[in-house]
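A look at the structure
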Amino acid sequence: MTSDKRRILLQIGVFLLITFGLMYIYGWKTYDVILSGEKVTGWINLCYYIAAFSPAIGCILTRYIFHEGFKDDILFPKFTGHFRPYFLSIVLSLAFGVLNCIFITVTLGAGFTIKAEDGLLEVVAALSIYSAKIYMACFILIGEEFGWRAFLYDKLEKLLGLNGSILVGGIIWGLWHLPALVGAGLNFGKNAPGFPITNILLMCVLCIGFGAMLQMLRKMTDSVVAPIIAHAVIDTVCNPIAGMFLSAELVEGKTFQMGCCMVVSSLIIGVPCWVIMNKQYGLHNTN
């Protein structure tokens, strides 16, 4: 192993130690309190933000420790000449939401109808509210994307090539969610068969699919801003889309089935993005 690869491996190790250390220490505390029904205090809120921003903290501290800085300008938007990928960051995320809703509808045998009392007008209003929440989500998701897309995936690609970075990066990203997966049954519920192992495995697959899409946007713009936007749209708009068409009675107790639909949708969106990256950037090109 060359000295450059040893340095990259050491950087990844330091980054993971900081990122997982903060998430596992403060994440477990956050979900324990939330699930117990205790009052969410300012301290718990602080724990939540430390956990949510742990990848960004890991990125910043690791870059500082190794005197790397941010000379790559990856944190800047770079809108000029990049309309298409920024447009895709919205379209692909919404496509995931629509696909997910269709799969849930088919899987649960539901009718695809607007259940809002005031019909389409109420749906449009609800979407507008959720769209406004994207701004807050973008702020929170800086915590993740500054770590994964602005550091880890690029470092892994230098060691493992593009395909290896998507696979290993997705697994690492999935395992980072462990406190939420075990403590809150994130995405798949605590009644999933084989809980929590099944949940952890499915989350890793989900993150591999999403990771391919987000990394493609990062490469197309040479910036982490497009992935932040896409991630925010997925977290704030896509899940409520299903809620507008499916009654609470229908989906009650079906968290696992809905989570599996999410995994399938992420792969349908993510695999083509993965193929495009291979064709456009090659297996080892990090530019």
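Keep in mind that this is a model prediction, so the values were computed, not measured.

Criteria and thresholds
Residues numbered from 1 in each chain as written. Predicted model: local features only at pLDDT ≥ 70, side-chain atom pairs only at ≥ 80, totals over all residues. Heavy atoms only, no water. Salt bridge = Lys/Arg side-chain N within 4 Å of Asp/Glu carboxyl O. Helix = DSSP H or I, 4+ residues; strand = E, 2+ residues; numbered from the N terminus. Buried < 20%, exposed > 50% of the residue type's maximum accessible area, 1.4 Å probe, protein only. Axes fitted to C-alpha atoms, helices over the stretch in contact; angles between N-to-C directions. Parallel < 35°, antiparallel > 145°, perpendicular 65-115°, else oblique. Left-handed = near helix turned anticlockwise from the far one by under 90°. Contact = heavy atoms within 4.5 Å. Nonpolar A, V, L, I, M, F, W, Y, C, P; charged D, E, K, R; others polar. Core = buried A, V, L, I, M, F, W, Y, C linked by side-chain atoms within 4.5 Å. Patch = residues over 30% accessible without salt bridge, like charges linked within 9 Å, V, L, I, M, F, W, Y side chains within 5 Å. Areas by Shrake-Rupley, 256 points an atom, 1.4 Å probe, with all protein chains shown as cover. Polar contact = N/O pair within 3.5 Å; in protein donor to acceptor, adjacent residues only side chain to side chain.

Attention now moves to the pattern of salt bridges. If you walk through the whole model with that rule in mind, you get 7 salt bridges. A salt bridge links Glu 145 to Arg 149; the shortest N-O distance between them is 2.7 Å. Taken together, the residues Glu 145 and Arg 149, both in helix H5 (residues 120-176) and 4 residues apart, mark about one turn of the helix. The pair Glu 145 / Arg 149 is uniform in exposure class, with both members buried.

Our focus in this paragraph is the packing of helix H4 (residues 83-108) against helix H10 (residues 255-281). Where H4 meets H10, the closest approach of the two axes is 8 Å, and the angle between their N-to-C directions is 140°. Viewed along their axes, H4 and H10 adopt a mutual orientation that is oblique. The two elements H4 and H10 cross, and the hand of that crossing is right-handed. Residues Leu 92, Ala 95, Phe 96, Leu 99, Asn 100, Phe 103, Ile 104, Thr 107 and Leu 108 of H4 pack against Gln 257, Met 258, Cys 261, Met 262, Val 264, Ser 265, Ser 266, Ile 268, Ile 269 and Cys 273 of H10. Each residue belonging to the contact of H4 with H10 can be placed in one class, and the counts come to 14 nonpolar, 5 polar and no charged.

Now for the packing of H4 against helix H7 (residues 197-221). Here H4 crosses H7 at 165°, and the two axes come no closer than 9 Å. Comparing the axis directions of H4 and H7 gives the class roughly antiparallel. Read as a crossing pair, H4 and H7 show a hand that is left-handed. Along the contact surface, H4 presents Arg 84, Pro 85, Tyr 86, Leu 88, Ser 89, Leu 92, Ser 93 and Phe 96, while H7 presents Phe 210, Met 213, Met 216, Leu 217, Met 220 and Thr 221. Here the contact of H4 with H7 is built from residues that sort into 10 nonpolar, 3 polar and 1 charged.

We now examine the nonpolar core. Of all hydrophobic cores here, the largest spans 51 residues; its most connected members are Trp 148, Ile 166, Trp 173 and Met 213. Mapped onto this core, the elements with two or more residues apiece are helix H1 (3-36), H4, H5, helix H6 (178-183), H7, helix H8 (225-245) and H10. Among the elements that make up this core, the one with the highest residue count is H7 (13 residues). Apart from the residues lying within four places of it in its own chain, the contact partners of Trp 148 are Phe 15, Thr 19, Pro 55, Tyr 153, Ile 172, Trp 173 and Trp 176. Ranked by size, the runner-up nonpolar core spans 12 residues in total, among them Ala 56, Val 224, Ile 228 and Ala 232.

We now examine a nonpolar patch on the surface. Among the surface-exposed residues, Phe 83, Phe 87, Ile 90, Val 91 and Leu 94 lie close enough to one another that they form a single nonpolar patch of about 450 Å² accessible area. With respect to the secondary-structure elements, Phe 83 resides in helix H4. Judged by its relative accessible area of 65%, Phe 83 is exposed.

If you trace the backbone, Thr 105 turns up in helix H4. Here the side chain of Thr 105 touches Cys 101 through a polar contact of 2.7 Å, landing on its backbone oxygen.

In this structure, the amide linkage connecting Phe 195 to the following residue, Pro 196, adopts the cis form with an omega of 0°. Its place among the elements puts Pro 196 in the loop between H6 and H7. Phi at His 67 takes a positive value of approximately 55°, unusual for a residue other than glycine. Position of His 67 among the secondary structure elements: in the loop between helix H3 (54-65) and H4. The backbone phi angle of Asn 187 is positive, close to 70°, even though this residue is not glycine. With respect to the secondary-structure elements, Asn 187 resides in the loop between H6 and H7. A relative accessible area of 23% places Asn 187 in the partly exposed class.

Below, the discussion takes up the environment of Glu 145. We classify Glu 145 as buried; its relative accessible area is 0%. Separated by 86 residues in the primary sequence, Glu 145 and Cys 59 have C-alpha atoms spaced 9.8 Å apart. When neighbours within four sequence positions are excluded, Glu 145 is seen to be in contact with Ala 150, Leu 214, Val 224, Pro 227, Ile 228 and His 231.

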